[in-house]
Structure formats: C-alpha cells, structure tokens
Amino acid sequence: MKTKGKRSTPKRVPLPKCRTGIRGLDEITGGGLPLGRPTLVCGGAGCGKTLLATEFLVRGATLYHEAGVLMSFEETEAELTANVASLGFDLASLTKHKMLVIDYVHIESGDVQESGDYDLEGLFVRLNFAIDSVGAKRVVLDSLEALFSGLRNEAVLRAELRRLFRWLKDKGVTAIITAERGRDHLTRHGLEEYVSDCVILLDHRVNDQIATRHMRVVKYRGALHGTNEFPFLIGHDGLSVQPITSLSLNHRVSSDRIATGIPRLDAMLGGRGFFRGSSILLTGTPGTGKTIVAANFAHAACHRGERVLFFSFEESPHQIVRNMNSIGLDLEPLVKRKLLRFHSARPSLYGLEMHLSTMFKEIQAFEPQVVIMDPITSLMNAGTESEGKGMVTRLIDYLKARQITSLFTSLTQGGHVLATSEAAMSSLMDSWLLLQDFEGNGERNRVLYVLKARGMAHSNQIREFLISDKGIDLVDAYIGTSGVLTGSARAAQTAREKAEVLAGQQEAARRKRELERARVALERQISALRSEHEASAEELRRIDEQVGTRTRMLKTERTELGRLRQADATLADGARDGARDGARDGDGNGASDGSHEGRARR
Amino acid sequence: MKRAKKSTPPKKRGRLTAKLWQLRLYVMDQTPKSMEALTNLKKLCETHLKGRYRIKVVDLLKDPRLAKGDQILAIPTVVRLLPRPVRTIIGTLSDMEKALLGLDLRASD
C-alpha cells in the first residue's frame, strides 16, 4: 500500500526519504535518510555514532512504528540497553514487543584461523533472519569495521562488504552503518567507497575548554541538503540537532507595535515602538544603561500583561531587581505575579549548545511574549565567533517563528568602531539602538540613537539619555557648529541661547520705547506749531479787525467831515467801499492768501 | 609451549587417541565452497584422526537461527567442539598447513 502510493507520485518526490525522528536531522537532510538505502555515519570516538544509530531505530519504532535490527559488533545487548537507558530508550521493552532485534556479533581477533576461501554468508543469514523475524524496515550495523580486525583476508572482506550493501539495498531496508573516522579518509577502512548515497560526519571538538558536537551531511546523492556543519547535542532525551529553521526564512511577521516603556523612544520609532516579534539589538559601551533600557522594556511588557523571560549572563536576578529599584523601577511584584522570570547563568558554565538548549527549554516552559538576553556578547564569547553567530541566528529564528519579541544587549569595547562580530550580528537584527558615551567638559554623558529600524519611520536624531532616580528620560541633545553638546554643556548652551533671546527682546523693547518717545516729541512739536499757527491766525484777524475798525472810523470821520462839509457825492462812494471790506473778513481763515492779496492790494 | 608439547609426546598422543573429536561444519546450501570444505575436512580427518572423529554438517539455510547462537559469520566455518577448548577455522581448508594449525593437529604429525 505504502510503496504503491509512493510510486504513483514519482515526479513530485524524486527521492523517497525515511524520517529518522531525530530532532533537527530530518530538517537538515530535507526529510530524512534515503529510504531503502544505506547511510554511512562516521566520526571519531565518543562523538555519538552509536547513539544516533540507536535513536534512529528507537524513533522508528516509537514514532513511525517501523521495526528495526541493531547488529552490534562492539557492544553486547546488555551493554547497549544499559547505555541508552539513561536517555529514556527502553530497548528491552522494544525487543519484547518485536519492534527491535539486537544481534551482537562477537569478533575476537586472532581467535579464528583462516584456511582457504570463504565468504560472509553467515552474516547475511543472521541479518536476513533478524530482519525477517520482525519485518524490520530499519537496520543498523555498528560498527562494521570491527570485521577488519577479526578477518585477515581483506580482499574477501571488501568484496563481501560491497555485496552486503548491495544486498541491503535489494532488501529495501534503510540502513545506518557506522564507522570510525580515519586519518586521511572519512573512515579508517574506506567504507565510504561502498556507501555512496548518504554520508554523515560527526565531530566532537573542543574550543577554549568547551566541547561542541557537530554534524555535517557530507554527501546526499540526489537530494538537497544543508552542507553546513550543525552543532548537535546529546541531551536528556536523546540527540538533537538544534533547530535548523535557519534553512528557511519564511516566518510570519506581525505589524503589531509594542511600546518600549520610554515614551520618547517610542516617539523616535515612529511614535509606536517596536514591531512585535522583531529582534532588537541594543549596543553600548560599559555603563551606558543597556540593562536599564532592557528592564524598562520588560517592565512595560509586563504592564501590558505579557510574560517576559529575562536571561541574564552577568547579574543575578536579585541584583537586577535591586539595581532597577534605584531608578524607580519596581520589578519585584512582576516577578511575584509570574509575569517576569529571570534566568541567570554564567556563560562559561557550559557550551553554547547547552546554553541554547537550556534557553529553548525555558522558553517552551514559560511561553513568554518577550525575551531579553543581557548581554548576548558574553554568551557569544563562550564559543568561537562563528559559533556565536550561529547560535544567535538559531535563537532569533526560533523566537521569530514563535512571534516572540527579543531584545539583545551587546557590550562593545571601542567607542565608534564596531566590532566585526557585532556588525555580523546586526544583520540579523531588525532594530538597532546605540547607546554611547560623550566625554567632555569634565563629564560623561549618555546618548542614544536609532541606528536602524527595519520597516518603520524612525528619528535620525541623537538624544541625550538621562538616568535619574525617577527613571529614564530622553532629551534633545544640542547640535550646533561645535558638534553634539550634552550634559552641562547642553545646559549651558541652552542658558546662553535663552539669555540671547532675552537680550534681543530687551533691545527691541528699548528701541520701541525710544521711537515712541520720539513720536510723542514730534507730536508735541506738531501741536506747538499748530497752536503757533492758530495764534498767528488770531493775530491776523485781530489786525484785520483793527484795520477795518480804523477804516470805518476813518470813513465815519470822513463822512462826519463830509457831512460837516456837506459833500453828498462822496457820501455814496464811501458806503460802497465799506460793504466790500466786510465780505473779505468772512473767509479770512480759509484763504489767507486772498486776505494778504487784499491787504497787499490795499 | 612447543617444547612442553614435545617433551610429552606420549601423553599428548594419548589424549588425542583417547578422546573423540567432535567437529561441526557450517555451510550454506550445497555451494561449491561448502562442498570443497567438506571434502577437505574429511580428507584431513581421515589422514590424522582416522576413526576418532565425528563431523556434523549444519546447513544455515535450514536453520538460520544457529548462525546467531554459534556466532557464525563466515561460510564455511569449522568448529572444533571437542576436545576443549573450542577452536574455529574459516575457509575451504584448502591450505592444509593452516587448517592443521587451526585444529591444533600439528603435534600429532
């Protein structure tokens, strides 16, 4: 039934695969080992070959209900059972339920005399019988190389091995053959020559006293596979190649935004904070307040009712709680309400893989919405640079796949020059905040700026970062011709500016008053002139009146004289003259010229 | 060891003559190799152990279970069950010298 189904879709599935059930291995091999073909697993002593092979059988039996045969050339049934019991594998029970057959092949070198030609038909018979007795789909031969020490006729042995692998293929079982790592070749006796479908290399290296196991798919005929070296762990429940989601970049993203706990910082990030599920890097030199920003972020998240997992690699939980109290951040109740959880561990405690595994376990158990790593750099120092980066990549992938927002603090030593590892790490981050020191004027001030924030408008401004017992605040740093001014220099500059403005205002007021005064003076002058003008007009009128009166008096006198002299003709002439003079007096104000004229004419 | 054996040839011969040799030949079907091994073994026994041996041929094709129980890998395999200790020789026994060495029969020459 099964094979029929697979045959019906040969184009879609070019190479049928057999899921190993080992965490991570199926991902890097793109679905498992080649189905119905032998796979060679090689590596040095103690790198986990037997365990991988055994787990392949155990998972096959428990997860996929496929029976298996374990043909061991080195360890007896009892030894094998005892060795893997600590990982929770119950070989005895599987054997009892006909899901597993363990066949220990005893080979003792020098015990057997060889005379003439022979073949390994006995091995074939045993294997065949074991496979048929439980209907096994999976076979492990661990490790075939023991044959080389038991049998001297290498020509026969090689011919028989070739036949064995052919036979395994014909039998249609998926097999794992383990072999010891050789000096020049992948295996000591060149077994890779016979197994051409899939070769997996295991490795156990020690770097700076920290041992890490690695796995690499050297060869996988006819299938896409990750060619990288992948670190793997032997944990409490078997082998695990830590999540290899890094092969794909297709996690879903959220456009939901979350506040940072610092309003001004939110404002710098387009007013709404970070994206949910994004990764944030916070770099800074020592003492720039990285942990404080992280704690604020945690505090804000907890107040939204989210769970926060705080991994601290330098300070103990109590120390963080105490220190944050000093800036008015009370984390204790959040810890009590189980919204905030600290996990403190020294980076040098164990290898990166173990750290990663522990973190994953913690994350799975606590299911946080926000994860904080403080600082990630000290953790990265527990391994080599590439290992560190690999770890961060896997960590970010893991968190992103779960839509967990992550904040990583990173300690930098130099001032402006970024360490290469940091630059490498930054490419994995969605947002990058930089905290920096500015020295000058005999003081040290902190500034913060947003180096990058993918997918959101963000401020390009440098902000001064103030820490007080009331918490943290961001203020605009002064940027002038002499550069960025912070601290007292900024305060002095602000005061200077204020004074300048004040002086300007005072100057303007003074000039205004002066002008007002001048205007008032002018007005006064104008009114003085006007009164003068009026006075002279009055004078004129009076003169006119006096002249008129006098003329009239003269006329009267003349008339009187005439009357006295009895001259009638001149009496009529004198009366006409008097009437004309009266009309001229009426418009004397409006046209003084006329009056002058009149006067001049007279 | 060698000298010790030489120094007590009568005892050794006595042991060899006194006890019955029990040999078992594991074969896989009636292949030419298996047949050759049986022929060679018979010849060897007739020469050195005439009348004091018993050969049992086990065909693993008929009972594959025995391969595991007797730790058989190579075919053909001759197992000397008696006299003790148990000795194993693999191959067609075409190399008579090695076969004798394997069965520890050289002393009886």
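Presented here is a report on the structure given in the accompanying data block. (Residues numbered from 1 in each chain as written. Chains lettered and ligands numbered in written order. Predicted model: local features only at pLDDT ≥ 70, side-chain atom pairs only at ≥ 80, totals over all residues. Heavy atoms only, no water.)

### Let's talk about the overall build of chain B
The criterion, for reference: Counting from the N terminus, the helices are the DSSP runs of H or I reaching at least four residues and the strands are the DSSP runs of E reaching at least two. Per-residue accessibility, obtained with a 1.4 Å probe over protein chains only, is compared with the maximum for each type, and a residue is labelled buried under 20%, exposed over 50%, and partly exposed between these values. Pairs of residues are marked as contacts when any of their non-hydrogen atoms sit within 4.5 Å. Note on areas: Shrake-Rupley, 1.4 Å probe, and residue coverage restricted to the protein chains presented here.
Helices and strands together make up the secondary structure of chain B, namely five helices and four strands. The order of helices and strands in chain B, counted from the N terminus, is α-α-β-α-β-α-β-β-α. A burial count over chain B gives 39% of its 109 residues as buried. The long-range fraction of contacts in chain B, counting pairs at least 24 apart against all pairs at least 6 apart in sequence, stands at 64%. Accessible surface, chain B as shown: approximately 6,300 Å² in total, 55% of it carbon and sulfur.

### Some thoughts on the pattern of salt bridges
Residue and element names in this part refer to chain A. Applicable threshold: Salt bridge, as used here, is a side-chain nitrogen of Lys or Arg placed within 4 Å of a carboxyl oxygen of Asp or Glu.
Considering all chains together, one arrives at 30 salt bridges over all chains under this definition. Put simply, Arg59 and Glu55 hold a salt bridge, and the shortest N to O gap is 2.8 Å. Pair noted here: Arg59 and Glu55 are both in helix H3 (residues 49-63), with a separation of four residues, about one helical turn. Each member of the pair, Arg59 together with Glu55, is buried. Residues participating in the shared-partner salt-bridge network are Asp256, Arg276, Arg304 and Glu306.

### A look at the packing of helix H13 (residues 352-366) of chain A against helix H15 (residues 385-401) of chain A
Residues and elements named next belong to chain A. Our working rule: Interaxial angle, 0 to 180 degrees, is taken between N-to-C directions of lines fitted to C-alpha atoms, where a helix line uses only the stretch in contact. An angle counts as roughly parallel when it lies under 35 degrees, as roughly antiparallel when it exceeds 145, as roughly perpendicular when it falls between 65 and 115, and as oblique in every other case. Crossings are sorted by hand: turned counterclockwise from the far helix by less than a right angle, the near helix makes the crossing left-handed, and turned clockwise it makes it right-handed. Each residue is assigned to one of three groups, with Ala, Val, Leu, Ile, Met, Phe, Trp, Tyr, Cys and Pro labelled nonpolar, Asp, Glu, Lys and Arg labelled charged, and all others, Gly among them, labelled polar.
Viewed as axis vectors pointing N to C, H13 and H15 meet at an angle of 15 degrees, and their least axial separation amounts to 11 Å. As judged from the angle between their axes, H13 and H15 are roughly parallel. H15 is crossed by H13, and the crossing has right-handed handedness. Of the residues in H15, those in contact with Leu352, Glu353, Leu356, Met359, Phe360, Ile363 and Gln364 of H13 are Glu387, Gly388, Met391, Arg394, Leu395, Tyr398 and Leu399. Residue composition of the contact of H13 with H15, grouped by class: nine nonpolar, two polar and three charged.

### Some remarks on H13 of chain A
Residue and element names in this part refer to chain A. The line we're drawing: Given the number of residues in a helix, its expected span is that number minus one, multiplied by 1.5 Å.
Look at H13: 21 Å from first C-alpha to last across 15 residues, which is about the 21 Å you get at 1.5 Å a residue. Of all 15 residues making up H13, 11 are buried, and the element is well covered by its neighbours. Every buried residue of H13 is listed here: Leu352, Glu353, His355, Leu356, Ser357, Thr358, Met359, Phe360, Glu362, Ile363 and Phe366. Phi turns positive one or two residues past the end of H13, at Glu367, with a value near 50 degrees.

### Describing the interface of chain A and chain B
The following threshold applies: The buried area of a pairing is the accessible area, by a 1.4 Å probe, that goes missing from both parts when the two are put together, added over both.
On the side of chain B, 25 residues touch chain A, which itself brings 25 residues to the contact. Taken together, the two surfaces of chain A and chain B that pack against each other cover about 2,100 Å², and 61% of this comes from carbon and sulfur. The three residues of chain A that bury the most area against chain B are Gln113, Ser115 and Arg126 of chain A, which together make up 30% of that side's buried surface. Our count for the chain A to chain B interface comes out at three salt bridges. As a salt-bridge pair, Asp117 of chain A and Lys33 of chain B come within 3.9 Å of each other at their nearest N and O atoms.

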